[in-house]
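Residue-level structural notes
Here's the letter readout for the chains.
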Amino acid sequence: MRILVIGGGAAGMSAASWARRKLPSAEITVLERTNIISHAPCGVPYYVGGLFSDPGLLQAYDVSFFKEKRNIDVYTGSEVLELDVKSRYADAVVGGVRRRLEFDGLVIATGARPKRLNLVGGPPVIYVHHPAEAESVKKQLEAVNEVAIVGGGVLGVEMAEQLSELGKRVHLVHRGPHLMSRDLDRDLGERLTRLVASSGVDVRLGETVVEASGRELRLSSGASLRADAVVAAVGVEPNVDIVRGQLRLGPHGAIEVDDRLSAGYDYVFAAGDVIEHRNLVTGGPDWKPLAPIANKTGLIAGVNVAGGDKRFPGVLGDIVTKFNGVVFGRVGLNEAEAARAGIRYVTSSITTKSRARYYPGGGEVTVKLLADEATGRIIGGQVAGPEEVVGRLGVIAAAIQSKMTAEDLFFVEIGYHPSSGRAWDPIVLAARQLMRI
């Protein structure tokens, strides 16, 4: 069997690896447009900020590993010129030579790409996304003193942290009412905004950049600011160009798949940031371009393209970021999403110390829960604090996926030690607020 994987990121290399495990006799070929595979885009801001100096650490495994250890042929610097899904072939430039690769099974894992900023005549616009470009991005930003970041989501916040720590003058322009406004509700979002602003970052809310000239950027309010460079952090979009008109796309513009990640043909599968998912709370289509989801969907697509029958249940969207030692995250629905889904909900919020009062260190941790008003089921949660944020989000995610009520969550035995928690964990306290007693 000939299996072709287009895209060598997290999803693509996971798919290739699991296809090999499922079908040892298969001929497996991976085509990757850049010079790096099995990469970690989430690490790019921290490379730019100088937390580590070796860009090779952004790649989990190299081409030789997959060839020698897993007998997978990986071709980097390979551009797919034409893909014919029905006729089962791809024309690509491989090693500088145009080749036709025929396949029996196909996995599309082309990922996402940054949305573009339409700024002409102003400072250079820098896109921080792919690890293959990390070195170039770092050199460009090292050479400037004043930077405007457009977009206050996860990437914008993380780049603001890293560039301000490098001593740059940073402006952060965001169209929403608070930072991370698509993910965090107002209470936690405003806490993040205050933290970022207090660090010296010039935060401009409710603004977009409408024009650029020289070093000057004019904002939608009429105000202006100056910058030597612009970092575009306005989000990403599914990279579906090679399948447009051949595979069905969903409402988010990503490839529509079933729970086997089949994309309309029994020999075509898709995985990672290029596919739409089923939201585990609403049951409707959703799109979450996140690394853990990419790895898991890669596994499902790889097993199934090799003849297996694994199912992907759906997503919750566990999103985490950090600024100056405080971690912020959400999982499941936030208030705006619950309202759009027509769910009547109730909320609770607890802010307490992250450690026992006698144990030094730590800080304030906030846990917010959302529950369905009619059933009491947990449908979302947000956490902010200096420690144990990711672990608490994991507990909430498990509660949502298991369809726990607030009372069920209250009785979960959460581990306790004075160095990292309290006997009454804030998750338990937030759940208690929602209990019908």
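Going by the structure above, here's the rest.
A quick note: this is a predicted structure, and the numbers were derived from the prediction, not measured. (Residues numbered from 1 in each chain as written. Predicted model: local features only at pLDDT ≥ 70, side-chain atom pairs only at ≥ 80, totals over all residues. Heavy atoms only, no water.)

For the rest of this paragraph, the subject is the pattern of salt bridges. Scanning the model with the defined rule gives 26 salt bridges in all. In this structure, the salt-bridge partner of R260 is D309, at a minimum N-O distance of 2.8 Å. Separated by 49 residues along the polypeptide, R260 in the loop between β17 (236–238) and β18 (268–270) and D309 in the loop between α7 (291–305) and β21 (319–323) bring together distant segments of the chain. Among the residues examined, R260 registers a relative accessible area of 18% and is labelled buried. (Salt bridge = Lys/Arg side-chain N within 4 Å of Asp/Glu carboxyl O. Helix = DSSP H or I, 4+ residues; strand = E, 2+ residues; numbered from the N terminus. Buried < 20%, exposed > 50% of the residue type's maximum accessible area, 1.4 Å probe, protein only.)

Another point: the sheet that holds strand β6 (residues 97–102). Here we have 3 strands laid out as an open sheet, ordered β4-β5-β6, and antiparallel in their pairing. Edge positions in the open sheet fall to β4 (79–84) and β6, since each of these has one partner strand only. Taken over all neighbouring pairs, the strand axes of this sheet differ in orientation by 20 degrees on average, direction set aside. Pairing geometry for β4 and strand β5 (residues 89–94), over 5 bridges, is antiparallel. Paired with V80 across the bridge in β5 is A92. (Pairing = 2+ DSSP bridges. Axes fitted to C-alpha atoms, helices over the stretch in contact; angles between N-to-C directions.)

Strand pairing in a sheet relies on backbone hydrogen bonds, with the paired strands running either antiparallel or parallel. Reading across from one edge, β3-β2-β1-β7-β18 is the order of the 5 strands in this open sheet, with parallel pairing throughout. A single partner strand is all that each edge strand has here, and the edge strands are β3 (73–75) and β18. Going across the sheet, the axis of each strand differs from the next one's by a mean of 15 degrees, ignoring polarity. Note: strand β2 (residues 27–31) against β3, 3 bridges, orientation parallel. Within the sheet, the bridge partner assigned to T29 lies in β3 and is D73.

Tallying each qualifying case throughout the model produces 7 aromatic pairs. Between Y47 and F52, the ring centres sit 5.6 Å apart and the planes meet at 45 degrees, which makes this aromatic pair tilted. For Y47, a relative accessible area of 4% gives the class buried. Relative to Y267, the ring of Y265 has its centre 5.5 Å away and its plane inclined at 45 degrees; by these criteria the two rings are tilted. Assessed through its relative accessible area of 9%, Y267 is described here as buried. An aromatic cluster of three or more residues is present, and its members are Y61, F65 and F66. Over the ring of Y75 we find R99; its NZ or CZ atom is 5.6 Å from the centre of that ring. (Phe/Tyr/Trp six-rings, centres within 6.5 Å; stacked < 30°, edge-to-face > 60°. Lys NZ or Arg CZ within 6 Å of the ring centre and 35° of its normal.)

Our next topic: the packing of helix α1 (residues 10–22) against α7. Close contact between α1 and α7 brings their axes to 7 Å; oriented N to C, the two are set at 35 degrees. The chirality of how α1 crosses α7 is right-handed. Contacts from A10, A11, S14, A15, W18, A19 and K22 in α1 reach A294, N295, G298, L299, G302, V303 and V305 in α7. Counted by class, the contact of α1 with α7 contains 9 nonpolar, 4 polar and 1 charged residues. (Left-handed = near helix turned anticlockwise from the far one by under 90°. Contact = heavy atoms within 4.5 Å. Nonpolar A, V, L, I, M, F, W, Y, C, P; charged D, E, K, R; others polar.)

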